Amino acid sequence: MQFCSQTCSYETNFSLFWQHRKHMLAPVDDVVAWGESLDHLLECKTGQLVFEDFLRTEYSEENLLFWLACEDYKKITSETEMTAAAQRIYAEFVEVDAPRQINIDCVTRGEISENISQPGPNCFDRAQRLIYGLMENDCYPRFLKSEIYQALLEQQ
């Protein structure tokens, strides 16, 4: 029985190692900075990927994906492209029963629904702020305590 326990432990550790291997190349300074604020984490592409992996383990990656989609949306200058992107974001994250429905209040959801036919550059701002607050106060503190983040800190 002892052999099986060691094997299972080895397999678990091996699996965890390979799951996080793609992030092992993160510069140590970046990894440390991620612990200073959610902003530092989100400013770094590797940080975004690591955070997304963590959120996936909690079944809440839609928060980060929505936030990132909103950041990309703000960069669009063409009205046609903006309308198409707004429809995609709405269908994927905002509408009731969306595949990756985010947790926002009905007033915010309603405002977006009313304006989606003629979306402006700020049509998702309120929802994005709500999701950022949720990540900052809920997901991010758990991320800092997670095995994923702790393993990256220990690579120093």
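The following paragraphs examine the structure supplied in this document. Just so you know, these numbers come straight off a predicted model, no measurement behind them. (Residues numbered from 1 in each chain as written. Predicted model: local features only at pLDDT ≥ 70, side-chain atom pairs only at ≥ 80, totals over all residues. Heavy atoms only, no water.)

## Some thoughts on the environment of Q150
Here's step 1: In this fold, Q150 is placed in helix α9 (residues 147-154).
Here's step 2: The exposure class assigned to Q150 is partly exposed, which follows from its relative accessible area of 30%.
Here's step 3: The contacts of Q150, once residues within four sequence positions are left out, are L144 and K145. (Helix = DSSP H or I, 4+ residues; strand = E, 2+ residues; numbered from the N terminus. Buried < 20%, exposed > 50% of the residue type's maximum accessible area, 1.4 Å probe, protein only. Contact = heavy atoms within 4.5 Å.)

## Description of unusual backbone geometry
Here's step 1: The backbone of Y59 sits at a positive phi, close to 55 degrees, despite the residue not being glycine.
Here's step 2: Tracing the backbone shows Y59 in the loop between α4 (45-57) and α5 (61-73).
Here's step 3: If you check the backbone angles, D97 has positive phi at about 70 degrees while not being a glycine.

## Section: the pattern of salt bridges
Here's step 1: For the coordinates displayed, the defined rule picks out 8 salt bridges.
Here's step 2: A salt bridge links D53 to R56, with the nearest nitrogen and oxygen atoms 3.0 Å apart. Residue D53 and its partner R56 are both found in helix α4; the two are separated by 3 residues, about one turn of the helix.
Here's step 3: For R56, a relative accessible area of 37% corresponds to the partly exposed category.
Here's step 4: One salt bridge connects D138 with R142, and the closest N-O pair in it is separated by 2.5 Å. Pair noted here: D138 and R142 are both in helix α8 (residues 125-145), with a separation of 4 residues, about one helical turn. (Salt bridge = Lys/Arg side-chain N within 4 Å of Asp/Glu carboxyl O.)

## Notes on the packing of α8 against α9
Here's step 1: Direction vectors running N to C along α8 and α9 enclose 45 degrees, while the axes themselves pass 5 Å from each other. Classed by the angle they form, the pair α8 and α9 counts as oblique. Every residue of α9 that contacts α8 at F143, L144 and K145 is listed here: E147, Y149 and Q150.
Here's step 2: Classifying every residue of the contact of α8 with α9 by side-chain character gives 3 nonpolar, 1 polar and 2 charged. (Axes fitted to C-alpha atoms, helices over the stretch in contact; angles between N-to-C directions. Parallel < 35°, antiparallel > 145°, perpendicular 65-115°, else oblique. Nonpolar A, V, L, I, M, F, W, Y, C, P; charged D, E, K, R; others polar.)

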